[in-house]
Amino acid sequence: MPTILGQNQYGKAENRVVKITRDGDTHHIKDLNVSVALSGDLDDVHYSGSNAHVLPTDTTKNTVFAFAKEHGIESAEAFGVLLARHFVENTEPIGKARIRIEEYDWERIETSDANSKFIGADEVKHSFVRKGQEIRTAQITFDGESVEVLSGLKGLTVLNSTNSEFWGYIKDRYTTLKEDHDRILATEVAAVWRHNWTGAQEERTPAWDKSYAQTKKHMLHAFAETYSLSLQQTLYQMGSRVINSRPEIDEIRFSMPNKHHFKVDLSPFDIKNEAADGAVYYAADRPYGLIEATVLRDGATPRIPVDMTNL
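Residues numbered from 1 in each chain as written. Predicted model: local features only at pLDDT ≥ 70, side-chain atom pairs only at ≥ 80, totals over all residues. Heavy atoms only, no water.

The next subject is the overall build of the protein. Secondary structure assignment for the protein yields five helices and 12 strands. For the protein, the spread of C-alpha atoms along the three principal axes comes to 75 × 75 × 40 Å. When burial is assessed residue by residue, the protein has 40% of its 311 residues classed as buried. Residue pairs in contact within the protein that sit at least 24 positions apart in sequence constitute 66% of those at least 6 positions apart. In the form shown here, the protein has an accessible surface area of approximately 18,300 Å², with 49% of it arising from carbon and sulfur atoms. In the protein, which carries 36 positive and 46 negative side-chain charges, the distance between the mean positions of the two groups comes to 2 Å. (Helix = DSSP H or I, 4+ residues; strand = E, 2+ residues; numbered from the N terminus. Buried < 20%, exposed > 50% of the residue type's maximum accessible area, 1.4 Å probe, protein only. Contact = heavy atoms within 4.5 Å. Areas by Shrake-Rupley, 256 points an atom, 1.4 Å probe, with all protein chains shown as cover. Lys, Arg positive; Asp, Glu negative; His and termini not counted. Charge placed at Lys NZ, Arg CZ, Asp CG, Glu CD.)

Next up, the structure:
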């Protein structure tokens, strides 16, 4: 049977860009991992090998670094929008650009005070330590007409040492798990959320950094404040808090592995190990339950791909 070409794209993946901005003696750092994917009128390069419509991936790499210098990096989202628009609007065969970005956050190292024996110890404003809480993510897609911005995070590990239960579930001949009315609930949150901003001229551009910080705050508050009977319930409360609190977000999808903590059986040593007394647990890394779901604003159409966060 004859074959035909299906969906295709190409680009330069994982361009590590570190931009230093100097404000006098005070320096600022942006550390991004940028991946570019382009699609459009690219049949010939697949069928015949003609590169007439191909912008070299090396050029896309150079563009990423040049834009970081020429335009700076205000935020991952803003930088991605600039790049996506550029590739579509300046390269005729390209009809769609997708920019994926991971951002690695840094914070200043607190230095010694003015009374330190080290000369100038209170004046160092160029030393940083990498934050380890989570990795910020963004995906920006532009098709020549509208922009879609998906922000997100991954690797955000959270734990409640109480106020979590798990009981009343289906039991069959293979069920060995005991019901638990006072358990540790821990997970590593991966989340992607979709902004309703489309880049139209009349629309107000979101304050990307503020939106990210507030979204993360609402997720954490909901996790801490929900008395959980299941990780699914907690996930839904986290998503609902974000949607109800951030009008610029219409959809959020979570992938949350249940990082199981099991009470150690100390009965062979005649030692009780109860949660109410401050139990000892072992943390199991795998296998793990994996909970995934999307939470939407009422009336919104789901657009975040289900495979963006799952295994």
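Our focus in this paragraph is helix 3 (residues 76-90). End to end, helix 3 covers 21 Å across 15 residues, agreeing with the expected 21 Å (1.5 Å per residue, within 8%). Among all positions of helix 3, only Ala76, Glu77, Ala78, Phe79, Gly80, Val81, Leu83, Ala84, Phe87 and Val88 are buried. (Expected span 1.5 Å × (residues − 1).)

Moving on, we come to the pairing of strand 3 (residues 94-103). Of the pairings in the sheet, the one linking strand 2 (residues 26-40) to strand 3 comprises nine bridges and is antiparallel in character. Looking at the pairing, Val36 lines up with Ile99 of strand 3. (Pairing = 2+ DSSP bridges.)

All right, on to the environment of Ala76 then. Along the chain, Ala76 falls in helix 3. For Ala76 and Lys30, which are 46 residues apart along the polypeptide, the C-alpha to C-alpha distance reads 8.9 Å. Ignoring anything within four residues of it in the chain, the contact list for Ala76 reads Ile101, Glu103, Ala138 and Ile140.

Sheet topology note: the strand 1 (residues 15-23)/strand 2 ladder contains nine bridges and is antiparallel. Its bridge partner lying in strand 2, Arg22 is registered against His27. Between the antiparallel neighbours strand 1 and strand 2 lie two residues, among them Gly24 with a positive phi of about 65°.

A few words on a nonpolar patch on the surface. Residues Trp167, Tyr227 and Leu229 make up a contiguous nonpolar surface patch of about 310 Å² in total accessible area. When you line up the elements, Leu229 lands in the loop between helix 4 (208-225) and helix 5 (231-245). (Patch = residues over 30% accessible without salt bridge, like charges linked within 9 Å, V, L, I, M, F, W, Y side chains within 5 Å. Salt bridge = Lys/Arg side-chain N within 4 Å of Asp/Glu carboxyl O.)

Relative to the 21 Å expected for 15 residues at 1.5 Å per residue, helix 2 (residues 57-71) spans 21 Å between its end C-alpha atoms, a close match to the ideal helical length. Within helix 2 the residues assigned to the buried category are Thr60, Thr63, Val64, Phe67 and Ala68. Buried residues of helix 2, viewed axially, fall in a sector of 130°; they line one side. In helix 2, the exposed positions angled more than 90 degrees off the buried face are occupied by Lys69 and Glu70. On the buried face of helix 2, the contacting elements are strand 1, strand 2 and helix 3. Looking at the residues trailing helix 2, positive phi occurs at Gly72, about 70°. (Arc of directions from axis to C-beta.)

Turning to the packing of helix 4 against helix 5, a few remarks are in order. The geometry of helix 4 relative to helix 5 is characterised by a closest axis approach of 8 Å and an angle of 140° between their N-to-C directions. For the element pair helix 4 / helix 5, the angle class is oblique. The hand of the helix 4/helix 5 crossing is right-handed. Of the residues in helix 5, those in contact with Thr215, His218, Met219, His221, Ala222, Phe223 and Glu225 of helix 4 are Thr234, Gln237, Met238, Arg241, Val242 and Ser245. The class makeup of the residues in the contact of helix 4 with helix 5 is five nonpolar, six polar and two charged. (Axes fitted to C-alpha atoms, helices over the stretch in contact; angles between N-to-C directions. Parallel < 35°, antiparallel > 145°, perpendicular 65-115°, else oblique. Left-handed = near helix turned anticlockwise from the far one by under 90°. Nonpolar A, V, L, I, M, F, W, Y, C, P; charged D, E, K, R; others polar.)

In short, shape yes, function no, at least from these values alone.
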